[in-house]
Amino acid sequence: MEFRFELALCAALESPTRVVARQLGAGIENPGGRIVDVCVLTPGPNFDRRAAITPDRIPDPAIEAAVGPGEAVPLTRAFDLPPDRAEAAAERAAEIGYLERERRDGRPVVRATARYPDDWVGSLTAIENKPDLGTPGDLAAQLRYDAALGLFDEVVLATASYVTRAHLNRIPEAIGVWRFDPETGEREVVREPTPLDPAAPGVEIREERALRTDVTLVDPAAKARKRRRIAERAYGKGWRPDPPACARATTTADGRPYCERFDRVVDPGRDCGAPCDEYVPADPPATDRDRLRDERTAWVAAPDGDGPRRQSGLSRFL
Ligand code: SF4
């Protein structure tokens, strides 16, 4: 249920002034410690310059490399990494079009194809999905973590349940609450989120126990780096999963994997293949995820093409 709820919410949130992605790591000192369900990025002033570089994620080592679009610099000077990792990072950055590589006097050199823009992200909103508030699991702890760290500009809980005052009292005040109907795509704002402060130091909760909570203080620079990684990951990844390699699979008009045998959106990783009695191995159905993403969101599939320039800085959830 949670998977289908999540994909329906992602589809409903897509718009030409946003990029929507799902399942992104959001822990800083403990990177696997927090995975956010959905992340919505809105464009900042230099979004078009970022989109013009590549539709893919630009890996962090390439962004942090001491290399710009001017003079080519030796690979070993550009990357503060062991030679094999520097080589792999340069290779990947060249594949996606961010770096150019040559040899000069027999030595590898690199140059950026463009200056990596600051300020291409307007805002990052994290959304935690809990379709059924009757089985909240560790929801309250996750939302306490997000509120204390302040990595995102806003954090929202999305649910299909009727939200009572008791529910609201159990989660931090800064967290917004939406009631979302995955069948109709309708979304009601039960409580607006209070903006958090990503530029301030944060507190990363490591472990909550009965009598004490272990925390790590996180400085604003570490938060800024993590935000850039999340933004890059969101930009490159999007939210549409690979459809199952089954003859009975197809995709909905907005690109969700759909099973014609069971008449519903499916989770390919959980519902399909060996666990399914009706599985008929085949090539996965053809979907044009890039076209859908390009048409429906701020992401640009082919930066060299003549696609329309997009307006940035529009309000976050129209
Ligand atoms: S594997 Fe089963 S659930 Fe998945 S698409 Fe095929 S028939 Fe449907």
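Numbering of residues begins from 1 in every chain and follows the order in which that chain's sequence is written. Since the coordinates come from a predicted model, pLDDT governs what is reported: local features require at least 70, and pairs of side-chain atoms require 80 or more to be given and counted, while whole-chain, interface and lining totals use all residues. Each side-chain value is derived from all of the structure's non-hydrogen atoms; neither hydrogens nor water enter the calculation.

### A short note on the domain arrangement of the protein chain
Part 1 of the reasoning: For the protein chain, the domain assignment lists domain 1 (2-48 + 118-237), domain 2 (54-112) and domain 3 (240-287).
Part 2 of the reasoning: The start and end points of each domain follow an automatic or database-based domain assignment. Summarising the inter-unit geometry, the C-alpha centres of domain 1 and domain 3 are found 28 Å apart.
Part 3 of the reasoning: Residue-level contacts link 7 residues of domain 1 with 10 residues of domain 3.
Part 4 of the reasoning: Throughout, buried area stands for the accessible area (probe radius 1.4 Å) lost by two parts on being put together, summed over both. In this assembly, domain 1 packs against domain 3 so that about 700 Å² is buried in total across both faces, 61% of it on carbon and sulfur atoms.
Part 5 of the reasoning: Contact with domain 3 buries surface across domain 1, with Phe3, Arg4 and Leu7 losing the most and accounting together for 62% of the total.
Part 6 of the reasoning: In what follows, salt bridge is the name for a side-chain nitrogen of Lys or Arg lying within 4 Å of a carboxyl oxygen of Asp or Glu. Taken together, the connections running from domain 1 to domain 3 amount to 1 salt bridge.
Part 7 of the reasoning: One salt bridge in this structure joins Glu14 and Arg240, with 2.8 Å as the shortest N-O distance.
Part 8 of the reasoning: Identification of polar contacts relies on pairs of N or O atoms within 3.5 Å, with a donor-acceptor requirement for protein atoms, meaning one able to donate a hydrogen and the other able to accept it, and with residues adjacent in sequence counted only if both atoms are side-chain atoms. Linking domain 1 with domain 3 are 1 residue pair in polar contact (both at pLDDT 80 or more). Whether two residues are in contact is decided by their heavy atoms: any pair within 4.5 Å suffices.

### Some points on the packing of aromatic side chains
Part 1 of the reasoning: Each Phe, Tyr or Trp ring (for Trp, its six-membered ring) is paired with any other whose centre lies within 6.5 Å, and the angle between the two planes then decides the class: stacked below 30 degrees, edge-to-face above 60, tilted in between. With the rule as written, the count across this model stands at 5 aromatic pairs.
Part 2 of the reasoning: Centroid distance Phe5 to Phe180: 5.5 Å. Interplanar angle 85 degrees. Geometry classified as edge-to-face. Placement of Phe5 in helix H1 (residues 2-13) and of Phe180 in strand S8 (residues 176-180) is noted, with a sequence separation of 175 residues between them.
Part 3 of the reasoning: For each residue, the accessible area found with a 1.4 Å probe, counting protein chains only, is set against the maximum for its type, and the residue is called buried under 20%, exposed over 50%, and partly exposed in between. With relative accessibility at 1%, the residue Phe5 sits in the buried group.
Part 4 of the reasoning: Overall, the relative accessible area of 2% leaves Phe180 in the buried class.
Part 5 of the reasoning: Seen from their ring centres, Tyr98 and Tyr116 are 6.4 Å apart, and the 80 degrees between their planes marks the pair as edge-to-face. Taken as a pair, Tyr98 in the loop between helix H5 (83-95) and strand S4 (99-104) and Tyr116 in the loop between strand S5 (107-112) and strand S6 (121-129) lie far apart in primary sequence, 18 residues in all. Each member of the pair, Tyr98 together with Tyr116, is buried.
Part 6 of the reasoning: An aromatic cluster of at least three residues, connected via ring pairs, comprises Phe47, Trp120 and Tyr235.
Part 7 of the reasoning: It is Arg50 that lies over the ring of Trp120; its NZ or CZ is 5.4 Å from the centre.
Part 8 of the reasoning: Across the ring face of Trp178, the terminal group of Arg187 is positioned such that the distance to the ring centre comes to 4.3 Å. Counting from the N terminus, the helices are DSSP H or I runs at least four residues long and the strands are E runs at least two residues long. Charge-over-ring contacts are defined here by two conditions on Lys NZ or Arg CZ: a distance within 6 Å of the ring centre and an angle within 35 degrees of the ring normal.

### Things to note about the site of the ligand
Part 1 of the reasoning: The rule for a residue being near a molecule or strand is that one of its heavy atoms must lie within 4 Å of it. The ligand sits among Cys246, Arg248, Ala249, Cys259, Phe262, Cys272, Gly273, Cys276, Glu278 and Tyr279.
Part 2 of the reasoning: Residue polarity follows a fixed list, in which Ala, Val, Leu, Ile, Met, Phe, Trp, Tyr, Cys and Pro are nonpolar, Asp, Glu, Lys and Arg are charged, and the others, Gly among them, are polar. Broken down by class, the residue content of the shell around the ligand amounts to 7 nonpolar, 1 polar and 2 charged.

### As for the sheet that holds strand S14 (residues 264-265)
Part 1 of the reasoning: Only strands joined by at least two bridges in the DSSP assignment are considered to pair. If you walk across this open sheet you meet the 3 strands as S12-S13-S14, and the pairing is antiparallel. Looking along the sheet, the strands with just one partner apiece sit at the ends: strand S12 (249-251) and S14.

### What to know about the sheet that holds strand S1 (residues 19-25)
Part 1 of the reasoning: Taken together, the 6 strands give an open sheet; going across it, the order is S1-S2-S6-S7-S8-S9, and neighbouring strands pair in mixed fashion. In this open sheet, the two strands that pair with only one neighbour each are S1 and strand S9 (187-191). Strand-to-strand twist of the sheet, defined as the mean angle between neighbouring strand axes without regard to direction, takes the value 30 degrees.
Part 2 of the reasoning: Taken together, the 6 bridges between strand S2 (residues 35-43) and S6 define a ladder with antiparallel strand orientation. Looking at S6, one finds that Thr42 is bridged to Ser123.
Part 3 of the reasoning: Packed onto the sheet, helix H6 (residues 139-149) meets S6 and strand S7 (154-159) and runs at close to 160 degrees relative to S7.
Part 4 of the reasoning: In this analysis an axis means a line fitted to C-alpha atoms, helices contributing only their contacting stretch, and an angle means the value between N-to-C directions, from 0 to 180 degrees. Along the sheet, helix H8 (residues 220-237) makes contact with S1, S2 and S6, crossing S1 at roughly 120 degrees.

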